[in-house]
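Chain and residue survey
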Amino acid sequence: MGDLFGNKVDEETLLSWVSSHCTEDEMREVFLNMDIALKYIHEHGYCVDNFYPTCIHVLDNKPDHIQFDNLLELSDDPNERKQMIRQDIFNSSFIQIGLYTNTLKNLRPDFLKENFDAIAKFVPEGDVPYYRGVVQRGATVYFSEYAVERINKDLNQLKKELNEVSSDSTDEEYVPNSLSNDEINNKIYKNISGMREAAFINVLIIPGIALISMIILGIISWIILLK
């Protein structure tokens, strides 16, 4: 198994992990962290090339240690880049719904879109609006961002119910902050920076070496002509 933290790391596929951690709360926790890792990958210029749950691993049996095995560099074209991110978010939601409902082997995107209401009965009720937005409307929203908004909404509602806000004060909203797991993801996806450094070398340094070589050859040719 991979040695990401200086110690031996146990890897279990997401498919295997879910089969032994099948409560709704356990599954939602790992899906939330999967989304946080996905957002991290996007922010570092990459997307996921294969979402099948045998190509996603839970490390050391910790739901916040999520490793996507196959990454692909995002396009430089803004429109294509946006589409790649949208597709990743859809694929992630699709996998989550398939695992919640135990229908992943037979589930198809078109069938899910057309029969969303019936299938959504088997996912956490509070998350149905999120999945609906992604599956049926193509929303480009991260699950972790939705979760934060939902928490803040619930807290603000509770605050009002408890009359913690006086009548002469302003109702201050809780400012949403996206959940992050950077310390762990920096270690799991440290190869991303390595790939970027390699790309930098290929784009800038190698052409520079070629240019210097041409200049040297030109100087040598000039010296020979003067003799």
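Summary of the structure given here.

So, how was this worked out
- Residues numbered from 1 in each chain as written.
- Predicted model: local features only at pLDDT ≥ 70, side-chain atom pairs only at ≥ 80, totals over all residues.
- Heavy atoms only, no water.
- Phe/Tyr/Trp six-rings, centres within 6.5 Å; stacked < 30°, edge-to-face > 60°.
- Helix = DSSP H or I, 4+ residues; strand = E, 2+ residues; numbered from the N terminus.
- Buried < 20%, exposed > 50% of the residue type's maximum accessible area, 1.4 Å probe, protein only.
- Salt bridge = Lys/Arg side-chain N within 4 Å of Asp/Glu carboxyl O.

Notes on the packing of aromatic side chains
We describe a pair of aromatic rings using the distance from one ring centre to the other and the angle between the two ring planes. Applying the stated criterion to the full structure yields 8 aromatic pairs. Relative to phenylalanine 68, the ring of phenylalanine 51 has its centre 5.6 Å away and its plane inclined at 70°; by these criteria the two rings are edge-to-face. Of this pair, phenylalanine 51 sits in the loop between strand 2 (46-48) and strand 3 (56-59) while phenylalanine 68 sits in strand 4 (residues 66-68), and the two are 17 residues apart along the sequence. With relative accessibility at 6%, the residue phenylalanine 51 sits in the buried group. Pairing phenylalanine 90 with phenylalanine 94 gives two aromatic rings, centres 6.2 Å apart and planes at 25°, and the pair type is stacked. Here phenylalanine 90 and its partner phenylalanine 94 are both found in helix 3 (residues 78-101), 4 residues apart, which amounts to about one turn of the helix. The residues phenylalanine 90 and phenylalanine 94 share a single accessibility class, namely buried. Taken together, the aromatic side chains of Tyr130, Tyr131, Phe143 and Tyr146 make up a single cluster linked through ring pairs.

Quick notes on the pattern of salt bridges
Two side chains that carry opposite charge are able to pair once their charged atoms sit near each other. Going through the model one piece at a time under the given rule, you end up with 4 salt bridges. Here arginine 132 makes a salt bridge to aspartate 117, at a shortest N to O gap of 2.8 Å. In this pair, arginine 132 is assigned in helix 6 (residues 128-137) and aspartate 117 in helix 5 (residues 116-119), connecting sequence segments 15 residues apart. You can call arginine 132 partly exposed: its relative accessible area is 23%. Across the pair aspartate 127 and arginine 150 runs a salt bridge whose closest N-O atoms are separated by 2.9 Å. Remark: arginine 150 occurs in helix 7 (residues 143-161) and aspartate 127 occurs in the loop between helix 5 and helix 6; sequence separation between them is 23 residues. Three or more residues joined by partner-sharing salt bridges are found here, namely Arg28, Asp127 and Arg150.

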